[in-house]
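Structural overview for review
So the chains spell out like this:
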Amino acid sequence: MLESRLAQLEASALKRIRAALTAEELEAARVEALGRKGALAQASKEMGKLAPEERAAAGKRLNAAKQALETAFEARQAEFAEQALQARLDAEWLDLTLPAPGVRPGSLHPLTQIQSEIEDLFVSMGFVVLDGPEVETEFNNFDALNIPSDHPARDMQDTFWLKDGHLLRTHTSPVQVRGMRRLGPPLRMIAPGRVFRNEEVDASHEHTFYQLEGMMVDREVSIAHMLYFMKTLLAGIFKRDVTVRLRPGYFPFVEPGFELDIQCLICGGGGCPVCKQGGWVELLPCGLVQPNVLRLSGIDPEEWNGFAFGLGLTRLVMMRYAIDDIRLLQSGDLRFLKQF
Ligand code: PHE
């Protein structure tokens, strides 16, 4: 009796296991036949009621059914695993023979480009390129440059002061000081770098911008020398001869000090919106190094003198590429940067 029921039970459970289409269906079939309260467990309970001589045969039949069902279950489970793997392999298949998407090269920032051009130019004329820290001492940024304590650049409005008394350099001129002290005369150096002023940011003002400082200290350096180097610099940048003029300008660390103007490259001097109809564009401040500045850095002004200039790299880039908003330069905007 029990044995024939076991045979039926096995047959129908096998059918369900083999027909299961999902892992859930398979599990349900397993629980129903092989689970703790499943059909086989039920049959096993009934064995107790059998006569001892029937019990051995029924027990064998039960074990055989259990074995057969477990084997079928595992086989079906393996099929599912195989299918799942195959589905993944199909979905994640890569065609390695397809052409690669191609390398998109980056480009140098226009400031970096102009900086390296100017560096190359000055190196070819015997100048060294010096670097200096962006966090400076008040002494190097101001005092050593003969900038009195009532100079407007020291004002709270202009300088980013740090809590410990240091400051973010407001110009690259402190690198002059470092250069003079470290290298001594004769000296030809330039110092490109980032400078900071506490400016309200708008289309033409940034709190962070770039300058390139230059200095030459030697014997009997004259304004003619300075002009020669400045004209060579400008011809190098603009790839043509430019007409320059000097106007007096005041910077405590140069005497005499000048503003060097170039004749407007857009209109050739006739007057246009770029030069505000004046025909000239103010480009770089320069002058002969103030004797005090030399003395403060341990150089005897009776024996040595020199010139210094400060080029606004940011302004220069804007002029060169007709960029009308200074904020673009530090925007990190790829649409802007890709153009260079
Ligand atoms: N350091 C000056 C500034 O930032 C520029 C300058 C440099 C002027 C060298 C003269 C000589 O305004």
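Residues numbered from 1 in each chain as written. Predicted model: local features only at pLDDT ≥ 70, side-chain atom pairs only at ≥ 80, totals over all residues. Heavy atoms only, no water.

**Regarding the domain arrangement of the protein chain**
Worth spelling out the cut-off: Domain start and stop points were drawn from an automatic or database domain assignment.
Domain annotation for the protein chain reports domain 1 (2–92) and domain 2 (110–337). Between the C-alpha centres of domain 1 and domain 2 there is a distance of 88 Å.

**Comments concerning the layout of surface pockets**
Heads up, the rule is: The rule is simple: put a 1 Å grid over the protein atoms alone, call a set of points where a 1.4 Å probe fits but cannot get out a cavity, call an open set with protein on both sides within 12 Å along at least five of seven lines a pocket, and count a residue as lining if it has an atom within 4 Å of a point. Grid points are joined across faces, edges and corners, and a volume is the space filled by probe spheres set on the points.
Taken as a whole, the second largest pocket holds about 160 Å³ of empty space. Together, Arg104, Pro105, Gly106, Ser107, Leu334, Leu337 and Lys338 line the second largest pocket.

**Some words on the side chain of threonine 314**
Just so we agree on the cut-off: Each helix is a run of H or I in the DSSP string that is no shorter than four residues. Each strand is a run of E no shorter than two, and both are numbered from the N terminus. Burial classes: relative accessible area under 20% of the type maximum marks a residue as buried, over 50% as exposed, and values in between as partly exposed (1.4 Å probe, protein chains only). A 3.5 Å cut-off defines polar contacts: any pair of N or O atoms within that distance qualifies, except that in protein one atom must be a possible hydrogen donor and the other a possible acceptor, and neighbouring residues in sequence count only when both atoms are side-chain atoms. Two residues qualify as a contact provided that any one of their heavy atoms is within 4.5 Å of a heavy atom in the partner residue.
Secondary-structure assignment places threonine 314 in helix 10 (residues 313–321). Judged by relative accessible area, threonine 314 falls into the buried class, the value being 5%. A distance of 2.8 Å separates the side chain of threonine 314 from the backbone nitrogen of tyrosine 210, its partner in a polar contact. Discounting chain neighbours no more than four positions away, the residues touching threonine 314 are Leu111, Phe209, Tyr210, Ile326 and Leu329.

**Here's the deal with the packing of aromatic side chains**
Worth spelling out the cut-off: Only centres within 6.5 Å qualify two rings of Phe, Tyr or Trp (six-membered ring in Trp) as a pair; their planes then separate them into stacked at under 30 degrees, edge-to-face at over 60, and tilted for everything else. Over a ring means this: the NZ of a Lys or the CZ of an Arg is within 6 Å of the ring centre and within 35 degrees of the ring normal.
Following the criterion strictly, the structure yields nine aromatic pairs and no others. On the basis of an interplanar angle of 70 degrees and a centroid distance of 5.2 Å, the ring pair of phenylalanine 336 and phenylalanine 340 is categorised as edge-to-face. Exposure class is identical for phenylalanine 336 and phenylalanine 340. Each is buried. Ring pairs connect the aromatic residues Phe122, Phe127, Tyr228, Phe229, Phe307 and Phe309, which therefore count as one cluster. Note that arginine 30 overlies the ring of phenylalanine 73, its terminal NZ or CZ placed 5.7 Å from the centroid. One Lys or Arg, arginine 219, reaches over the ring of tryptophan 304 and ends 4.2 Å from the middle of that ring.

**Focus: the site of the ligand**
Note the cut-off: Here a residue is considered near a molecule or strand provided that any single heavy atom belonging to it is located within 4 Å of it. The accessible surface values rely on the Shrake-Rupley method and a 1.4 Å probe; as for residues, cover is taken only from the protein chains in view.
Neighbouring residues of the ligand: His171, Ser173, Arg197, Gln211, Glu213, Phe251, Phe253, Pro285, Cys286, Ala308, Phe309 and Gly310. Between the ligand and the protein, one listed contact pairs a nitrogen atom with a side-chain N or O atom of histidine 171 at 2.9 Å. Residue serine 173 places a side-chain N or O atom 2.8 Å away from a nitrogen atom belonging to the ligand. When the ligand is considered free in solution it has 320 Å² of accessible area, and contact with the protein chains removes 91% of it. Counting residues per element, the ones that place at least two in the shell around the ligand are strand 5 (208–218), strand 8 (280–289) and strand 9 (305–312).

**Remarks on the packing of helix 2 (residues 23–34) against helix 4 (residues 52–91)**
Put simply, the rule is: The convention used is that axes are lines fitted to C-alpha atoms, helices contributing only their stretch in contact, and that angles between N-to-C directions extend from 0 to 180 degrees. Each angle is binned into one of four classes, with values under 35 degrees roughly parallel, values over 145 roughly antiparallel, values of 65 to 115 roughly perpendicular, and all other values oblique. For this scheme, ten residues count as nonpolar: Ala, Val, Leu, Ile, Met, Phe, Trp, Tyr, Cys and Pro. Four count as charged, namely Asp, Glu, Lys and Arg, and the remainder, Gly too, count as polar.
With their axes 11 Å apart at the nearest point, helix 2 and helix 4 run at an angle of 170 degrees to one another. The angle between helix 2 and helix 4 falls in the class roughly antiparallel. Only Lys66, Leu69, Glu70, Phe73, Arg76, Gln77 and Phe80 of helix 4 make contact with helix 2, whose side of the interface consists of Ala23, Leu26, Glu27, Arg30, Ala33 and Leu34. Per-class residue counts for the contact of helix 2 with helix 4 are seven nonpolar, one polar and five charged.

**Overview of empty space enclosed by the protein**
All told, the structure shown has one cavity of 30 Å³ or more when counted by the stated rule. Each pocket or cavity is described by its volume, and for the largest cavity that value is around 40 Å³. Residue lining of the largest cavity: Leu111, Glu206, Thr208, Phe209, Tyr210, Thr314, Ile326, Leu329 and Gln330, and that is the complete set. Top element by residues in the lining of the largest cavity is strand 5. It accounts for three residues. Tallied by class, residues from the lining of the largest cavity come to five nonpolar, three polar and one charged.

**Structural notes on the pattern of salt bridges**
As a reminder of what qualifies: Salt bridges are identified by distance alone: a Lys or Arg side-chain nitrogen within 4 Å of an Asp or Glu carboxyl oxygen.
With the rule as written, the count across this model stands at 16 salt bridges. Across the salt bridge formed by glutamate 46 and arginine 5, the nearest N and O atoms sit 3.0 Å from each other. Remark: arginine 5 occurs in helix 1 (residues 2–19) and glutamate 46 occurs in helix 3 (residues 39–46); sequence separation between them is 41 residues. Sharing partners across several salt bridges, the network here consists of Arg245, Arg247, Asp261 and Glu282.

**Notes on the sheet that holds strand 6 (residues 244–248)**
The pairing of strands in a sheet happens through backbone hydrogen bonds and is either parallel or antiparallel. Our working definition: Strands qualify as paired when DSSP identifies two bridges or more between them.
An order of 1-4-5-9-8-7-6 is seen for the seven strands of this open sheet, with the pairing classed as mixed. Only two strands of the sheet have a single neighbouring strand rather than two, namely strand 1 (128–129) and strand 6. Sheet topology note: the strand 5/strand 9 ladder contains eight bridges and is antiparallel. Note that in strand 9 the partner of methionine 215 across the bridge is alanine 308. Helix-sheet contacts for helix 5 (residues 110–123) involve strand 1, strand 4 (187–196), strand 5 and strand 9, and the interaxial angle to strand 4 is about 170 degrees.

**Quick look at the state of the cysteines**
What counts, and what does not: Pairs of cysteine sulfur atoms within 2.5 Å are identified as disulfides in what follows.
Using the criterion set out here, one finds zero disulfides in the structure. With no disulfide partner, cysteine 275 has as its closest neighbouring cysteine sulfur the one in cysteine 267, 3.7 Å distant. Between cysteine 286, a cysteine without a disulfide, and cysteine 264, which holds the nearest cysteine sulfur, the sulfur-to-sulfur distance is 19 Å.

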